[in-house]
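As a plain string of letters, each chain reads:
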Amino acid sequence: MENFRIGIPSKGRLAEVATELLGDAGLKFRRQDRSLFARVRDMPIDITFLRTDDIPVLCAEGAIDMGITGSDLVQEAEVEVDTRMELGVGKCRLALCVPEDTDWKSVEDMKTCRVATSFPNVTKSYLKANGANPHLVNLSGSVEVMISLGIADAIVDLVETGSTLAANRLKIFAEIGSYQTVLIQNKQKRQPELADRIVRRLEGVVIARDYSLLEYNIPREKLAAAEAITPGFNSPTINPLEDDAWCAVRAMVKRKEVIDVMEKLEQLGASAILQTNIANCRL
């Protein structure tokens, strides 16, 4: 049987993210020079290095069984694939942006304007649904400067921090959607058991990145209050200390909440509060 094929970006930040995710999930491989293929160690899986925006199409056509790409590119490609999971990285927004001094009140005011974008399908669908059908200028590269060049009256582009918009004196007029990196699968679902195994491995990494393990000692009389602060994933692990008046507690805590939780525990009377990052898990 042919090896299972996973497509990942061949270069750029998303290529680094995909390689790290797969490696942390135990799917380790080594790319030789600029080869288009690599074999996963000890598993019947081939990694294929592709253009990021080609991955949804090639997955839908069966050239690869799974792919890691942006959900914005999946929507833009308008192909039939299954999104198996969100990977929690590469989060961004697709936004309709206009010059800072624009006085339009709604999208309907854009009926006669020109819109530059590298997402023509998503843009056309959004504008049509909002009562506008402007002229689209389809581009494959950066579009932020198209207004200052006189090519367009507005742009539709991905926005992360908004600093690029500010540098070009643009503002967000409307948000079209929110996107992130996703794992997609061909509809034929070849080798389903292996596919599910890959998904479970990646889930373990993605969930682990959202949590830390918090350990601390707490007076037994304050244990109930401490459990309310750190309920854990199902429940915390509690062990007695040599001093019967104290307990040791271990609990999973959302990583973004760790600092606040540590402060609350300290105010409650906890001591020896330790944070440990989790590399992988099964929940």
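Located above this text is the structure these notes cover.
Everything quoted here is computed from the prediction, not taken from an experiment.

What counts, and where the lines are drawn
Residues numbered from 1 in each chain as written. Predicted model: local features only at pLDDT ≥ 70, side-chain atom pairs only at ≥ 80, totals over all residues. Heavy atoms only, no water. Pairing = 2+ DSSP bridges. Helix = DSSP H or I, 4+ residues; strand = E, 2+ residues; numbered from the N terminus. Axes fitted to C-alpha atoms, helices over the stretch in contact; angles between N-to-C directions. Buried < 20%, exposed > 50% of the residue type's maximum accessible area, 1.4 Å probe, protein only. Salt bridge = Lys/Arg side-chain N within 4 Å of Asp/Glu carboxyl O. Polar contact = N/O pair within 3.5 Å; in protein donor to acceptor, adjacent residues only side chain to side chain. Contact = heavy atoms within 4.5 Å. Core = buried A, V, L, I, M, F, W, Y, C linked by side-chain atoms within 4.5 Å. Parallel < 35°, antiparallel > 145°, perpendicular 65-115°, else oblique. Nonpolar A, V, L, I, M, F, W, Y, C, P; charged D, E, K, R; others polar.

Student: How should I be thinking about the sheet that holds strand β7 (residues 114-117) in this particular structure?
Tutor: The strands that make up a sheet are held in pairs by hydrogen bonds between backbone atoms, and each pair lies either parallel or antiparallel. As summarised here, the arrangement of the 5 strands in space is β8-β7-β9-β6-β10, forming an open sheet in which the pairing is mixed. Edge positions in the sheet fall to β8 (135-138) and β10 (170-179), since each has one partner strand and no second. The average angle at which neighbouring strand axes cross in this sheet is 25°, direction not considered. When β7 meets β8, the two strands line up parallel, connected through 4 bridges. Within the sheet, the bridge partner assigned to V115 lies in β8 and is L136.

Student: Would you explain unusual backbone geometry in this entry?
Tutor: With the exception of glycine, most residues fall at negative phi, and the peptide bonds are largely trans. Unusually for a residue other than glycine, E78 sits at a positive phi of about 55°. Tracing the backbone through its elements, the reader meets E78 in the loop between α3 (71-77) and β5 (82-86). Relative accessible area serves as the criterion here: at 57%, E78 is assigned to the exposed category. Not every positive phi belongs to a glycine, and K189 is a case in point at roughly 50°. If you trace the backbone, K189 turns up in the loop between β11 (181-185) and α6 (192-210). By relative accessible area, which is 37% here, K189 ends up partly exposed.

Student: It is not clear to me how the pattern of salt bridges should be interpreted in this structure. Could you clarify?
Tutor: Close approach of charged atoms allows side chains with opposite charge to pair. Counted under the stated rule, the structure contains 16 salt bridges. Between E175 and R93 there is a salt bridge; the shortest N-O distance is 2.7 Å. You can see E175 sitting in strand β10 and its partner R93 sitting in strand β6 (residues 92-99), a full 82 residues away along the chain. Judged by its relative accessible area of 25%, R93 is partly exposed. R200 is the salt-bridge partner of E203, the closest N and O atoms lying 2.8 Å from each other. Of the two residues, E203 and R200 are both situated in helix α6; the distance of 3 residues between them amounts to about one turn of the helix. The class of E203 is partly exposed, set by a relative accessible area of 24%. Bridged by salt links that share partners, the residues E20, D24 and R209 form one connected network.

Student: What is the right way to read the sheet that holds strand β12 (residues 211-219) from this model?
Tutor: Sheet architecture is open: 4 strands sit in the order β13-β14-β12-β15, paired in antiparallel fashion. Sheet topology places β13 (237-240) and β15 (271-277) at the edges, where each strand pairs with a single neighbour. Neighbour-to-neighbour, the strand axes of this sheet turn through a mean angle of 15°, independent of strand direction. Here β12 pairs with strand β14 (residues 246-254) via 9 bridges, running antiparallel.

Student: Just checking my understanding: could you explain the side chain of Q180 for this structure?
Tutor: If you trace the backbone, Q180 turns up in the loop between β10 and β11. A distance of 2.7 Å separates a polar side-chain atom of Q180 from the backbone nitrogen of G88. Contact partners of Q180, with chain neighbours within four places excluded, come to T69, G70, S71, E86, L87, G88, V89, G90 and K91.

Student: Help me out: how do you make sense of the nonpolar core in this one?
Tutor: Nonpolar side chains tend toward joint burial in soluble globular proteins. Judged by nonpolar contacts, the single largest core of 30 residues is most densely connected at I6, I8, L27, I45, I47 and I198. The set of elements that each furnish at least two residues to this core consists of β1 (4-9), α1 (13-24), β3 (45-50), β4 (66-70) and α6. If you tally residues by element for this core, the top one is α6, at 7 residues. I47 has contacts with I6, I8, L22, F29, L36, F37, A38 and V40, leaving out every residue within four places of it along the chain.

Student: Just checking my understanding: could you explain the packing of α1 against α6 for this structure?
Tutor: Contact geometry for α1 and α6: axes closest at 8 Å, N-to-C directions at 105°. The pairing of α1 with α6 is recorded here as roughly perpendicular in orientation. The segment α1 lies against α6, with E20, L21, L22 and D24 engaging L202, V205, V206 and R209. Looking at the contact of α1 with α6 residue by residue, the classes come out as 5 nonpolar, no polar and 3 charged.

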